[in-house]
Number of protein chains: 2
Amino acid sequence: MIKSTERDLAAERMDKIANILRDRRIARVSEMARILGASEASVRRDLVEMERRGLLRRVHGGAVAVGGIGDEPVFDDKTAMAVREKQRIAEAALAFVKNGDFIYLDGGSTVLALARMLTDRPRITVATNSLRVAQTFAASGPRTILVGGELRRISQTFVGCLSRPLLEKIHFDTAFMGTVGVTTDGMTTTDPAEADTKTLVMGRAARVILLADSRKIGAVSFVSAGALDLVDVIITDSAAPRKQIDAFRKKGVRVLAV
Amino acid sequence: MIKSTERDLAAERMDKIANILRDRRIARVSEMARILGASEASVRRDLVEMERRGLLRRVHGGAVAVGGIGDEPVFDDKTAMAVREKQRIAEAALAFVKNGDFIYLDGGSTVLALARMLTDRPRITVATNSLRVAQTFAASGPRTILVGGELRRISQTFVGCLSRPLLEKIHFDTAFMGTVGVTTDGMTTTDPAEADTKTLVMGRAARVILLADSRKIGAVSFVSAGALDLVDVIITDSAAPRKQIDAFRKKGVRVLAV
DNA sequence: TCAGTTTCAATCAGATATGATCAAAAGCAC
DNA sequence: GTGCTTTTGATCATATCTGATTGAAACTGA
């Protein structure tokens, strides 16, 4: 047994680290050192190099996959909640997408779930203001148009007045929107710039579909993001209060509770 | 040339090396020397040659199959070469960034290296058309503005006429640009839409700094992306041909070879 | 807030790999 | 065979990698 054969090359170690992170999204230095059979010092050196190459992000105690959990805790924390419901809602929304369509995908975790289902649909065109949606389509997927704007880190979206000039040049068959809260008075969200962009988008879509899990139904946030009559369809989950659903229907909005 | 016998021997070795790497993706010099029954010195010479031909990537201790371990995705394939140079170029470029600046970061791996150095600089504003740059700043970093447009997957940038309306509203102190090739006639790149966006950006910057490793110097690609007089500074590495550098200087461009 | 614990970066020495150099070996032309 | 060129393998100084150590920094829980 030759000693050099036992020890991994740096490139080999980095590959294994990449694999570990692909599986777990996050790993501790100590874990990786144990798995690789290398010292923690070497693992750290590899992590520094890999971070420099943009392959991961280092955090105290370990590393996380880029674009993964822990990368943007605020955004992804929400994602983790009600995963089942969001998935079902996204599946229902998928039925509203046809090949050849021009659609808009808003920010938000439910809409992101829908985006993940579109990576094998090159025949549609997606416009979005969501960094996460763009990342989802980075390698392959629909024709992707990102409306510009200023990055709002908490939601990982591009918002503000700079989004306007581009948005005003395009129209959509269907806009799939997320929201923080929706009542019969309309949608509300936390950030004025975000709200402004949302309203503008909905005005430019032939059909607006709101994806809102039951916790959003009846909830109210800081700033109005458009009246309810902008919305054609609301897709929510079966835990949504019957009363609210009926109220929406009375206002002429189609509601699907999946 | 009738030296066919020697060449066959060398070619044979290289062929075996290629086979080993096809199987394992990564191999040590010592291993390969043992398998081939040749000295490590010979193996190294073969590896140098094969790397020159782009058949593999050399790492300390051995070699990696291209497209294999530690080799980065499509976008970064070219990047894997000249990592050191790109890093040094980016470091030199960093000196041109002041707090409070409004800068533009183009797509391209060298510019991306610069972006990674700016993640702890919240006091500047960065506009970019690069998805990779936006991702780099997703968690923290400068104020980030993404100019919209259509996603061009091969470069991971947003380009085309939809970028225009937003770009025409903003100005930059400094634009850091990448390129596929640059000569005294100006810059060239592979894609017309990409070129269009580049030209527009350079016209809106008070100062344009071109980051181009030596392989770009003197290279020519498909479509013009602006004349040389748009550029104020070129930062390249010391392997850039003296003649070209002098020609650039004669045209009034400041050239830094780091 | 604070103390205790974990993790980190910097440094060092030993091990390993590398490039440069050079002489021997092999191929080739005559 | 001789003379020339190319290739090869060995040697050695230098560069790089690795793992251990240590003081500093960051995190944790009360």
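Our subject is the structure listed above.
Attention here is on the structure that accompanies the text. What you see is a predicted model; the values in this text were computed from it and never measured. (Residues numbered from 1 in each chain as written. Chains lettered and ligands numbered in written order. Predicted model: local features only at pLDDT ≥ 70, side-chain atom pairs only at ≥ 80, totals over all residues. Heavy atoms only, no water.)

1. A word on the overall build of chain A
The helix and strand inventory of chain A stands at eleven helices and 15 strands. In terms of principal-axis extent, the alpha carbons of chain A reach across some 75 × 40 × 30 Å. Going through the 258 residues of chain A one by one, you find that 54% of them count as buried. Within the structure as shown, chain A displays about 11,400 Å² of accessible surface, and the carbon and sulfur contribution to it stands at 52%. Distance from the positive charge centre (40 side chains) to the negative charge centre (31 side chains) of chain A: 1 Å. (Helix = DSSP H or I, 4+ residues; strand = E, 2+ residues; numbered from the N terminus. Buried < 20%, exposed > 50% of the residue type's maximum accessible area, 1.4 Å probe, protein only. Areas by Shrake-Rupley, 256 points an atom, 1.4 Å probe, with all protein chains shown as cover. Lys, Arg positive; Asp, Glu negative; His and termini not counted. Charge placed at Lys NZ, Arg CZ, Asp CG, Glu CD.)

2. Regarding the sheet that holds strand β4 (residues 102–105) of chain A
Sheet architecture is open: nine strands sit in the order β15(A)-β14(A)-β12(A)-β9(A)-β4(A)-β5(A)-β6(A)-β7(B)-β8(B), paired in mixed fashion. Sheet topology places β15 (254–257) of chain A together with β8 (157–159) of chain B at the edges, where each strand pairs with a single neighbour. On average, each strand axis in the sheet is inclined to that of its neighbour by 25°, with strand direction left out of account. Relative to β15 of chain A, strand β14 (residues 233–236) of chain A runs parallel, the two sharing four bridges. Across the sheet, isoleucine 234 of chain A pairs through a bridge with valine 255 of chain A, a residue of β15 of chain A. Taken strand by strand, helix α10 (residues 192–203) of chain A contacts β4, β9 (172–177) and β12 (205–211) of chain A, and its axis lies near 145° from that of β9 of chain A. (Pairing = 2+ DSSP bridges. Axes fitted to C-alpha atoms, helices over the stretch in contact; angles between N-to-C directions. Contact = heavy atoms within 4.5 Å.)

3. Quick word on the packing of helix α2 (residues 10–24) of chain A against helix α3 (residues 29–36) of chain A
Residue and element names in this part refer to chain A. It is the contact of α2 with α3, at a shortest axis distance of 11 Å, that shows an interaxial angle of 125°. Viewed along their axes, α2 and α3 adopt a mutual orientation that is oblique. As α2 packs across α3, the resulting crossing turns out to be right-handed. In this structure, α2 contributes Arg13, Lys16, Ile17, Ile20 and Arg24 to the contact, and α3 contributes Glu31, Met32, Ile35 and Leu36. (Parallel < 35°, antiparallel > 145°, perpendicular 65-115°, else oblique. Left-handed = near helix turned anticlockwise from the far one by under 90°.)

4. What about the interface of chain B and chain A?
Facing 43 residues of chain B, the contacting portion of chain A comprises 42 residues. Interface of chain B and chain A: buried area, both sides summed, is about 3,500 Å²; carbon and sulfur atoms make up 60% of it. It is Arg28, Arg153 and Leu162 of chain B that lose the most area in chain B upon contact with chain A, and together they represent 18% of the buried surface on that side. Where chain B meets chain A, there are four salt bridges. Between arginine 28 of chain B and glutamate 12 of chain A there is a salt bridge, and its shortest N-O distance comes to 3.5 Å. Along the contact surface separating chain B from chain A lie 15 residue pairs in polar contact (both at pLDDT 80 or more). Those elements giving two or more residues to the side of chain B that touches chain A turn out to be β1 (26–28), β3 (62–65), α5 (83–94), α7 (131–136), β6 (143–146), β7 (149–152) and α8 (164–167) of chain B. (Buried area = accessible area lost by both parts, 1.4 Å probe. Salt bridge = Lys/Arg side-chain N within 4 Å of Asp/Glu carboxyl O. Polar contact = N/O pair within 3.5 Å; in protein donor to acceptor, adjacent residues only side chain to side chain.)

5. Thoughts on unusual backbone geometry
Residues and elements named next belong to chain A. Positive phi outside glycine occurs at arginine 25, with the angle close to 70°. By the element assignment, arginine 25 lies in the loop between α2 and β1 (26–28). The exposure class assigned to arginine 25 is partly exposed, which follows from its relative accessible area of 28%.

6. Digging into the protein's contact with DNA strand D
Surveying the vicinity of DNA strand D reveals 17 residues, the closest of which are Ser42 and Arg45 of chain A together with Arg13, Ser42 and Arg45 of chain B. When atoms of DNA strand D within 4 Å of the protein are split into backbone and base, the sugar-phosphate part holds 71%. In the environment of DNA strand D, a phosphate oxygen lies 3.1 Å from a nitrogen or oxygen atom belonging to the side chain of serine 39 of chain A. In this structure, a phosphate oxygen belonging to DNA strand D sits 2.3 Å away from a side-chain N or O atom of serine 42 of chain A. (Near = heavy atom within 4 Å.)

7. Some thoughts on the pattern of salt bridges
Charged atoms that come close allow side chains of opposite charge to pair. The full count for this structure, using the stated rule, is 34 salt bridges over all chains. As a salt-bridge pair, arginine 25 of chain B and aspartate 15 of chain A come within 3.3 Å of each other at their nearest N and O atoms. Separated into two different chains, arginine 25 of chain B in the loop between α1 (4–24) and β1 and aspartate 15 of chain A in helix α2 make up a pair that spans both. Through salt bridges with shared partners, one network takes in Glu12 of chain A together with Arg24, Arg28 and Glu31 of chain B.

Function cannot be inferred from these measures alone, as they are strictly geometric.
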